[in-house]
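# Observations on the model geometry
Now for the letters of each chain:
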Amino acid sequence: MSPVDSKTDSKPDSKLDSALRPGFEGVVFTETRISHVDGLAGRLTLAGYAVEELAPKATFEEATLLLWTGRRPSPAELESFRAELAARRVLPAMTLECLRQAAVQRLPAMDVLRLAADSLALQPVRPAAEWPDFEPRAFDLLAQMPLVVAAYHHLLAGHEPLSLPSGDWGIAASLLYLISGEIPSPARVRALETYLVTVCDHGTNASTLAARVIVSTRSDLLSAVVGAIGALKGPLHGGAPGPALEMVFDIGQAERAEPYLRAKLAAGERLMGFGHRVYKVHDPRAAVLAAAAEQLFAADADRELYALARHVEATAIRLLDEFKPGRHLRTNVEFYTALLLHGLGLPTELFTPLFAVARTAGWIAHCREQQLEGRLLRPAARYVGPFDQRWEVKDLAA
Ligand code: ACO
């Protein structure tokens with residue numbers, strides 16, 4: 001075959017040219033019942049419920065079933081769902097081995113979560129008797145990703161992973177126990193439930209889109225979630241809460257906030273935890289998590305840190321308005337995620353993996369929806385390279 005690319009259209013497609021949308025902004029590619037993000041009004045609706053209504057009240061399991069089935073689960077459905085998850089709450093031996101190897105090499109937690117999610121394929125597929133319509137790997141992922149996060153945390157510190165005492169453990173409570181080794185108070189469990197529900201889904205964000213693209217090729221759910229984890233770990237998506245908290249710690253005292261933030265903005269740096277591609281008035285999740293953090297810090301966490309974070313937030317918003325007039329950059333979900341998870345005693349390196357645990361519920365819901373739709377996702381790009389180049393074949397004998 002000739003090394004010349006055989007397909008050399010002579011002209012760009014003018015119809016595609018006029019539809020160019022960098023970053024897919026404004027592109028609507030599907031219909032969904034899972035969530036609605038109204039960036040102009042600052043509203044997030046999760047399967048019919050405003051995030052402010054759902055997140056402080058529902059458990060993570062309830063919210064997951066809401067996303068997966070489109071309706072609030074009955075008590076019997078919830079019980080059978082929790083039982084299904086409990087039955088799968090054990091890591092395959094090879095996954096644990098993979099975590100041990102990763103700990104030796106001190107790999108970053110998100111890379112390990114991606115590796116471990118893939119390794120769940122090493123266990124046999126066990127259908128769920130009471131949920132015949134569901135892909136069994138959905139239950140494995142939801143039950144075992146929290147175990148991966150907690151186990152890696154301990155292995156990295158040179159300890160063996162903890163096991164749960166007997167009892168009826170939900171995902172939020174088991175996460176807190178498996179990380180800290182302490183039975184969590186109801187207030188702490190509620191705070192983590194609120195976090196997990198707040199971030200369990202968010203329209204067709206980058207990681208969800210990645211998952212939908214993967215299953216649209218009729219690939220499998222594990223591949224989709226592995227791809228989504230890869231997308232989530234980037235600092236412009238799920239990687240910001242750690243840096244947001246570091247910024248508050250770096251500032252340390254209220255009077256340092258203004259010079260510190262001003263210097264960053266003057267140097268052209270971005271303030272982590274501020275700004276959003278879609279929300280142009282405010283990120284409603286930030287308000288839900290701010291309220292949860294306020295309650296938690298009032299009860300049993302460091303109130304001074306909370307007061308400092310509020311001061312940093314107010315100063316950052318004022319300075320963002322000064323440096324980026326007209327952009328209306330406001331606090332995003334990551335800023336209060338950082339504060340809430342820190343208040344729960346969770347280490348910074350677990351923030352993005354915990355985000356992934358929560359978002360797994362949404363990824364799976366979107367994968368189901370995409371599979372039902374059955375349409376391959378395949379956007380186009382405007383080609384800006386040359387056409388009709390010649391590939392001269394040199395005479396090697398000459
Ligand atoms: N700090 C300073 N300036 C900012 C910030 C910020 N946090 N966010 C946006 N800007 C500025 C940009 O520099 C740009 O300025 P310019 O036009 O003068 O060059 C302008 O605002 C628009 O920026 P874009 O990158 O075009 O905005 P976009 O909507 O694509 O960005 C994003 C959204 C990526 C979240 C951005 O606001 C950002 O980088 N924030 C910091 C990182 C962060 O908090 N990420 C978590 C997002 S929430 C989530 O994914 C769960």
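The notes below deal with the structure included here. (Residues numbered from 1 in each chain as written. Predicted model: local features only at pLDDT ≥ 70, side-chain atom pairs only at ≥ 80, totals over all residues. Heavy atoms only, no water.)

## Brief notes about the overall build of the protein chain
Along its length, the protein chain carries 17 helices and three strands. By its C-alpha atoms, the protein chain is 80 × 60 × 45 Å across when sized along the principal axes. Within the protein chain, the fraction of its 398 residues that count as buried is 48%. Within the protein chain, contacts between residues at least 6 apart in sequence are counted, and of these 76% link residues at least 24 apart. Of the accessible surface of the protein chain, which amounts to about 20000 Å², a share of 55% is contributed by carbon and sulfur atoms. Taken together, the 42 basic and 47 acidic charged side chains of the protein chain have centroids lying 4 Å from each other. (Helix = DSSP H or I, 4+ residues; strand = E, 2+ residues; numbered from the N terminus. Buried < 20%, exposed > 50% of the residue type's maximum accessible area, 1.4 Å probe, protein only. Contact = heavy atoms within 4.5 Å. Areas by Shrake-Rupley, 256 points an atom, 1.4 Å probe, with all protein chains shown as cover. Lys, Arg positive; Asp, Glu negative; His and termini not counted. Charge placed at Lys NZ, Arg CZ, Asp CG, Glu CD.)

## With respect to the environment of proline 347
Structurally, proline 347 is set in the loop between helix H16 (333-343) and helix H17 (351-373). Each C-alpha atom, one on proline 347 and one on glutamate 84, is 29 Å from the other, the two residues being 263 residues apart in sequence. Setting aside residues up to four positions removed in sequence, proline 347 forms contacts with His153 and Ile179.

## Things to note about the packing of helix H3 (residues 60-69) against helix H9 (residues 186-198)
The contact between H3 and H9 brings their axes to 9 Å, and the two run at 20°. It follows that H3 is roughly parallel to H9 by the angle criterion. Pair H3 / H9 crosses with right-handed handedness. Across from Phe60, Glu61 and Ala63 in H3, the residues of H9 making contact are Glu193, Leu196 and Val197. Of the residues belonging to the contact of H3 with H9, the class tally is four nonpolar, no polar and two charged. (Axes fitted to C-alpha atoms, helices over the stretch in contact; angles between N-to-C directions. Parallel < 35°, antiparallel > 145°, perpendicular 65-115°, else oblique. Left-handed = near helix turned anticlockwise from the far one by under 90°. Nonpolar A, V, L, I, M, F, W, Y, C, P; charged D, E, K, R; others polar.)

## Let's talk about the sheet that holds strand E2 (residues 43-46)
Spatially, three strands are ordered E1-E2-E3 in an open sheet, and the strand pairing comes out antiparallel. Both outer strands of the open sheet, strand E1 (35-38) and strand E3 (49-50), are each paired with one neighbouring strand and no more. For E2 and E3, the ladder comprises two bridges, and the chain directions are antiparallel. Residue pairing in the sheet places threonine 45 in a bridge with alanine 50 of E3. (Pairing = 2+ DSSP bridges.)

## With respect to helix H7 (residues 136-156)
Compared with an ideal rise of 1.5 Å per residue, which puts 21 residues at 30 Å, H7 spans 30 Å between its outermost C-alpha atoms and is within 8% of the ideal. Considering bend angle alone, the principal kink of H7 is centred on glutamine 144 and spans about 30°; proline proline 146 follows within four residues of it. Counting buried positions along H7 gives 19 out of 21 residues, so the element sits mostly inside the fold. A positive phi of about 85° marks glycine 158, the residue just after H7. (Expected span 1.5 Å × (residues − 1). Bend = angle between axes of the 7 residues up to and from the residue.)

## Quick notes on the packing of aromatic side chains
This structure, assessed with the given rule, holds 13 aromatic pairs. Relative to phenylalanine 81, the ring of tryptophan 68 lies with its centre 5.6 Å away and its plane at 80°, an arrangement referred to as edge-to-face. In this pair, tryptophan 68 is assigned in helix H3 and phenylalanine 81 in helix H4 (residues 75-87), connecting sequence segments 13 residues apart. Judged on exposure class, the residue tryptophan 68 and its partner phenylalanine 81 are both buried. Judged by relative accessible area, which is 0%, phenylalanine 81 ranks as buried. An aromatic cluster of three or more residues is present, and its members are Trp68, Phe81, Trp131, Phe134 and Phe139. In this structure, arginine 368 is placed above the aromatic ring of phenylalanine 134, and the distance from its NZ or CZ to the ring centre is 4.0 Å. (Phe/Tyr/Trp six-rings, centres within 6.5 Å; stacked < 30°, edge-to-face > 60°. Lys NZ or Arg CZ within 6 Å of the ring centre and 35° of its normal.)

## Details of the pattern of salt bridges
As enumerated under the stated definition, the model contains 19 salt bridges in all. In this structure, the salt-bridge partner of arginine 88 is aspartate 140, at a minimum N-O distance of 2.9 Å. Here the residue arginine 88 occupies a position in the loop between H4 and helix H5 (93-104), and aspartate 140 occupies one in helix H7, the gap between them amounting to 52 residues. Among the residues examined, aspartate 140 registers a relative accessible area of 0% and is labelled buried. Here aspartate 140 ties to arginine 137 by a salt bridge, and the two come within 3.1 Å at their closest N and O atoms. Here arginine 137 and aspartate 140 lie together in helix H7, a separation of three residues that amounts to about one turn. Arginine 137 gets classed as buried once you look at its relative accessible area, which sits at 9%. (Salt bridge = Lys/Arg side-chain N within 4 Å of Asp/Glu carboxyl O.)

It is worth stressing that arrangement in space is one thing and function is another; only the former is reported here.
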